Amino acid sequence: QVQLVESGGGLVQPGGSLRLSCAASGSTSDINAMGWYRQTPGRERELVAAILTNGLTNYGTSVKGRFAISRDNAKSTVYLQMNSLRPEDTAVYYCYADSPYKRDPVWGQGTQVTVSS
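Notes on the structure follow.

Analysis parameters
Residues numbered from 1 in each chain as written. Predicted model: local features only at pLDDT ≥ 70, side-chain atom pairs only at ≥ 80, totals over all residues. Heavy atoms only, no water. Helix = DSSP H or I, 4+ residues; strand = E, 2+ residues; numbered from the N terminus. Rg over C-alpha atoms; globule rule 2.2 N^0.38 Å. Buried < 20%, exposed > 50% of the residue type's maximum accessible area, 1.4 Å probe, protein only. Contact = heavy atoms within 4.5 Å. Lys, Arg positive; Asp, Glu negative; His and termini not counted. Charge placed at Lys NZ, Arg CZ, Asp CG, Glu CD. Pairing = 2+ DSSP bridges. Axes fitted to C-alpha atoms, helices over the stretch in contact; angles between N-to-C directions. Phe/Tyr/Trp six-rings, centres within 6.5 Å; stacked < 30°, edge-to-face > 60°. Core = buried A, V, L, I, M, F, W, Y, C linked by side-chain atoms within 4.5 Å. Salt bridge = Lys/Arg side-chain N within 4 Å of Asp/Glu carboxyl O.

### A look at the overall build of the protein
- The helix and strand tally for the protein stands at zero helices and 11 strands.
- Along the protein, helices and strands appear, N-terminal first, in the series β-β-β-β-β-β-β-β-β-β-β.
- For the protein, the C-alpha radius of gyration of 14 Å lies close to 13 Å, the compact-globule estimate for 117 residues.
- Oriented by its inertia axes, the alpha-carbon framework of the protein measures out at about 40 × 25 × 25 Å.
- In the protein, buried positions account for 38% of the 117 residues.
- Pairs at least 24 residues apart make up 53% of the contacts formed inside the protein by residues separated by at least 6 positions.
- Of note, the protein has its 11 positive side-chain charges centred 4 Å away from the centre of its 9 negative side-chain charges.

### Brief notes about the sheet that holds strand β3 (residues 18–26)
- Across the sheet, which stays open at both edges, the four strands sit in the order β1-β3-β8-β7 with antiparallel pairing between neighbours. Looking along the sheet, the strands with just one partner apiece sit at the ends: β1 (2–7) and β7 (67–72). Across the sheet, the mean angle from the axis of one strand to that of its neighbour is 15 degrees, orientation sign disregarded.
- Pairing geometry for β7 and strand β8 (residues 77–82), over six bridges, is antiparallel. In the strand pairing of β8, phenylalanine 67 is matched with methionine 82.

### Quick word on the packing of aromatic side chains
- Here the structure, examined in full by the defined rule, presents three aromatic pairs.
- When the ring of tyrosine 37 is compared with that of tryptophan 107, the centres are 5.7 Å apart and the planes differ by 65 degrees; the resulting orientation is edge-to-face. Of this pair, tyrosine 37 sits in strand β4 (residues 33–39) while tryptophan 107 sits in strand β10 (residues 106–107), placing them 70 residues apart in sequence.
- Given the relative accessible area of 34%, tryptophan 107 is considered partly exposed.
- An aromatic cluster is present here, built from Tyr37, Tyr96 and Trp107 joined pairwise through their rings.

### Quick look at the pairing of β1
- Here β1 shows a buried face lined by Val2, Leu4 and Glu6 and an unburied face lined by Gln3, Val5 and Ser7.
- Bridge count for β1 against β3 is six bridges, and the pairing is antiparallel. By the bridge assignment for β3, valine 2 is matched with glycine 26.

### Some remarks on the nonpolar core
- Met34, Trp36, Leu80, Met82 and Tyr93 are the most contacted members of the largest nonpolar core, which has 26 residues in total.
- Among the elements of the structure, β1, β3, β4, β5 (46–52), β7, β8, β9 (91–98) and β11 (111–115) are those that each provide at least two residues to this core.
- Here tyrosine 93 is in contact with Glu6, Leu20, Trp36, Tyr37, Arg38, Val48, Phe67, Leu80, Met82, Gly110, Thr111 and Val113, once residues within four sequence places are set aside.

### Some words on the pattern of salt bridges
- Inspection of every chain in the model, using the stated rule, returns three salt bridges.
- Between glutamate 46 and arginine 38 there is a salt bridge, with the nearest N and O atoms lying 2.8 Å from each other.
- Residue class for arginine 38 comes out buried when judged on its relative accessible area of 6%.
- Aspartate 89 is the partner of arginine 66 in a salt bridge, and the nearest nitrogen-oxygen pair spans 2.8 Å. Taken together, the residues span a long stretch of sequence, with arginine 66 in the loop between β6 (57–59) and β7 and aspartate 89 in the loop between β8 and β9 at a distance of 23 residues. With respect to class, arginine 66 is no different from aspartate 89; both count as buried.
- In this structure, a network of salt bridges that share partners links the residues Arg38, Glu46, Arg66 and Asp89.

The structure is reproduced here in structure tokens:
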């Protein structure tokens, strides 16, 4: 069983930066993909970024070119560097870890990111 702990959220001004971290523990050997979705009330869940163990990445259209995801496989940790933040980026960011051997991903507790003056 995998557990995820997220950190790094907070309040930042438009144009600023934040870095999110998501650390996996437990049965991490079967994890293939990790990343973040975000959720804003009234909007559909949106993929932010994902990364495979082999380094392949995928980004949501709205964050491409501004955010960068990376991973440290030895630490079973992924990082999301968020630059040029906009008010529209305000959301709860949920880390996830997925395995090809499981139907459903494991989700972190979520971390609030607020971009405001």
